[in-house]
Every structure is written in C-alpha cells, then in structure tokens.
Amino acid sequence: MKQFLIPALLGLSLVTSCQKKESSDSTSAGNETDTSAQTVATIGDPKLLYTLAAQYNTPDGLAIGPDSSIYLSVPNLANNTYPGVIVKFATDSVQLFTTLPPQPDTKHAAPMDLAFGPDGNLYYAENQYENSKDYKSRLMRITMQNGKPGKIEPVVVNFGLANAVVWKGNTIYVTDSQWDMPDNDKGSAVFHFKLDELNKGTVSLKPKTMDPHVLATFTTTVNETGVDNGADGLDYDSKGNFYTGSFGDGTLYKLTLKPDGTLASKETVKVSTPISCVDGLIVDRRTDKLYVCNSRTNAIQVVDPNGTVSTLVQNPDTDGKDGRVDQPAEVLLKGNRLYITDFDKPEKHFVNKKADQVHTMSYIDLK
C-alpha cells in the first residue's frame, strides 16, 4: 500500500483527511491569536514536489497502480465549488484520471484514501461528512479496463466519515472517523470487508450499531480544537498488526488479528512523546517504523517499534511554496523517499492558520 517511485517535478502546475467544509481557499480557520505557530521549530528539509492548480486545493490520498503510475485523490474540501476528482501521475506528465459520480443526495463527490484491490480495481473512501451528517459516506469501486476507468459504483454505503482504505490479501479495511453509537457520540471504527462479499452486491451498513463488519471501535477525547474525528490513517506492519490513530486526540492504536481475521486485541501504543493528531500514516514494513502525519503541528513524526517518537519534518505556518509542509495529510513511501500531501485545511489551534491559495505536495529523502 502507498508505495511508489517518481521523479521530483519542481514547480509543475497541475490541471488536476478530513475536516469541516469552508467556502474559499483563503478562509481563516481558528483563533488568529493562537501563538502555536510562533513556537514551532523548523526540522528537516522537505522539497517541493508539485504546485497544484486551484481546482486541486486539498490533495489527499495516494496509491500506486499496477502500471506503477501514481494516483492522487483530491476531495477539494477547502473549496468544494470544484468537484472531487482522481488524478494520475505519469513519469513526466500529469493528467486527470477521472471525474467521480456525486452522491445522489449531497450532489458532491469527495474521495479520500484509495488503494488498488487484488482484482486490479481501484477503491476509494468517499467522505460525505462535510456535506451530510446522515451517514452518506461510501466505499467506491472504479472498475479498471486496460488501465482506464470504467464503471464507478458504490460497494459499501452508510458510513459516517469514510477515510482510510487498506487492502491486505482479499480483505479491505476502512476507517470511519465518525462511527457513533447510541451511547457514544465521539465514536469511530475500523471496518473490514471480503472481496467476495463486495462482488455480490452493495453492502449497507447499519449506523449506530456494532455492524458485523466492525473490526474495532474507538472513542475520541475532545480537546481545545473541538474536533471529535477519530480513527483516520491505517496501515499494517510486517507481522500483520494494524495501526490507526485518532485525528482529534492523537491516540495511536495497535490491532492484532486472529487467524480468521477477527480482532484478537486492541491496545493503545505507548509512545515516548504524546502525538497530538494522527492523520494519514504508513508503516515501513522493512523496519516496522510508523510515519505519521500530525496535521495539527505541521509535522511528520516517526514511531519506532519500541514506541520512541521522533520528528522527521516540522515547520511553522507556511503556504508550502518552498516545499515546507502545509498541514500534511498523507504519506507514501518508496525506497528511501517519503512523499507528502499538503492538505491545507486547518481546524482551531492548528499551526496552519488558513486554507491559502497555494496547493502543494512535498517529499523528503530518508537516511
């Protein structure tokens, strides 16, 4: 999952996790008197990968295709007057891969994380939470035909806020950052679905229940940001253990599975330094290190298998035009290069203060 290699194309303009809707690229979010940006250190030296056009204002999920091309989801949540799309990156060019069918009730498409399945088709989580709180989010499938998009259809409906997607074998795992229960309005969950079931017809989840597809549930502790989004990024290590984390409070979780794929244990990862926000994450299965996007502090943090936390990249508020990260939301690893999407749509008390009119992607070479 999320592994690729492309050359850095600096300054290229393209025609091309998970917060609340805003009406313009320059809308301010949060308390302008918050001094958090003034106290943030500059760590690491990320480089500019792409400068994106205005119609790609919130780059999010990344995936590698069977043809080694890179696919990027753009939900355009900072300015959804532009439609959500998926873009394909080639070696020396960029092209629109496909427009997406809007959800019938909300009239919007909002693709988040995406991944290719063992059937060769492309699956993406669709986050409708910004458009409707009434469980309109979906898991979508793009049927691939000779490398081109064919039929696009929902395979699972009635998520609250579908977010991350990961295939392992013939099972797809999906985080829902807003899966509430009757006695818990701060809930989130990880779901799992077998490919065979998805091929039989659309799966309809049962909101506010322990639906049979729920693998694990979580509760977010709401802090001064006011954000109650929970389980966000998702990936697994070399032993098959899954990791997810809460966007709202930064808690990192480890899920151990039984041989039949059901949950064996859920535990909070003991970390040396608290992480304030977990957006996208990836596990380097060569080392089992986790690379975590901390959207709140404008940082990429690394968690060693023993729980030691270090900061790989961090910088104060920026528009990202020089390659510095601008609210990182997702990471993609190939070899020793880590690619970063700069989502640039902040909440209160984030280092990033507003969604600006510069839209970028960054990268950093690991030692």
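Bear in mind the structure is a predicted one, so any value in this text is a computation, not a measurement.

## Here we look at the confidence of the model for the protein
Part 1: A residue-level look at the protein finds 88% of positions with pLDDT of 70 or above and a mean pLDDT of 90.
Part 2: Every residue in residues 1-37 scores below 50 in pLDDT, and together they form 147 contacts with partners more than four places removed in sequence or on other chains.

## Some words on the nonpolar core
Part 1: Among the nonpolar cores identified, the biggest contains 23 residues, and Leu139, Val156, Phe159, Ile172, Phe193 and Leu198 are the most heavily contacted of them.
Part 2: The set of elements that each furnish at least two residues to this core consists of strand E8 (122-126), strand E10 (148-159), strand E11 (162-168), strand E12 (171-176), strand E13 (187-194) and helix H1 (195-198).
Part 3: Excluding anything up to four places from it in sequence, Leu139 contacts Tyr123, Tyr124, Ala125, Glu153, Pro154, Val155, Val156, Phe159, Val165, Ile172 and Val174.
Part 4: Membership of the second largest hydrophobic core comes to 16 residues, among which are Leu62, Val85, Leu332 and Met361.

## Structural notes on the pairing of strand E25 (residues 337-342)
Part 1: Of all six residues in E25, six are buried, a share of seventy percent or more.
Part 2: As paired elements, strand E24 (residues 328-334) and E25 share six bridges and run antiparallel to each other. Each bridged residue has a counterpart across the sheet, and for Leu333 the counterpart in E25 is Leu338.
Part 3: Counting the residues in the hairpin turn of E24 and E25 gives two residues, including Gly335, whose phi is positive at 60 degrees.
Part 4: In this sheet, strand E26 (residues 359-365) lies alongside E25 in antiparallel orientation, the contact comprising five bridges.

## Some remarks on the packing of aromatic side chains
Part 1: Here the structure, examined in full by the defined rule, presents 13 aromatic pairs.
Part 2: Considering the side-chain rings of Tyr173 and Phe242, the 4.3 Å spacing of their centres and the 40 degrees angle between planes classify their relative orientation as tilted. Here the residue Tyr173 occupies a position in strand E12, and Phe242 occupies one in strand E17 (residues 242-246), the gap between them amounting to 69 residues. The same class applies to Tyr173 as to Phe242, namely buried.
Part 3: Summarising the aromatic geometry, the rings of Tyr339 and Tyr363 are spaced 6.2 Å apart at their centres and angled 35 degrees between planes, so their arrangement reads as tilted. Here the residue Tyr339 occupies a position in strand E25, and Tyr363 occupies one in strand E26, the gap between them amounting to 24 residues.
Part 4: Overall, Tyr363 belongs to the buried group, its relative accessible area being 10%.
Part 5: Linked through ring pairs, Tyr135, Phe159, Trp179, Phe191 and Phe193 together constitute an aromatic cluster.

## Some remarks on the pairing of E17
Part 1: With five of five residues buried, E17 is to be regarded as a mostly interior element.
Part 2: Adjacent in sequence and paired antiparallel, strand E16 (residues 231-236) and E17 are bridged by five residues, among which Gly240 carries a positive phi angle near 90 degrees.
Part 3: Pairing between E17 and strand E18 (residues 252-257): four bridges, direction antiparallel. Note that in E18 the partner of Gly245 across the bridge is Leu252.
Part 4: Remark: five residues form the turn of the hairpin made by E17 and E18, two consecutive strands paired antiparallel; Gly250 in that turn has positive phi of roughly 80 degrees.

## Digging into the sheet that holds E12
Part 1: Reading across the sheet, the four strands line up as E11-E12-E13-E15 and stay open at both edges, with antiparallel pairing between neighbours. Only two strands of the sheet have a single partner each, and these edge strands are E11 and strand E15 (214-219). The sheet shows a mean angle of 15 degrees between the axes of neighbouring strands, taken without regard to direction.
Part 2: Summarising the sheet, E11 and E12 pair through five bridges and their orientation is antiparallel. Bridged to Ala162 within E12 is Asp176.

Calculation criteria
- Residues numbered from 1 in each chain as written.
- Predicted model: local features only at pLDDT ≥ 70, side-chain atom pairs only at ≥ 80, totals over all residues.
- Heavy atoms only, no water.
- pLDDT = per-residue confidence, 0-100.
- Contact = heavy atoms within 4.5 Å.
- Core = buried A, V, L, I, M, F, W, Y, C linked by side-chain atoms within 4.5 Å.
- Buried < 20%, exposed > 50% of the residue type's maximum accessible area, 1.4 Å probe, protein only.
- Helix = DSSP H or I, 4+ residues; strand = E, 2+ residues; numbered from the N terminus.
- Pairing = 2+ DSSP bridges.
- Phe/Tyr/Trp six-rings, centres within 6.5 Å; stacked < 30°, edge-to-face > 60°.
- Axes fitted to C-alpha atoms, helices over the stretch in contact; angles between N-to-C directions.

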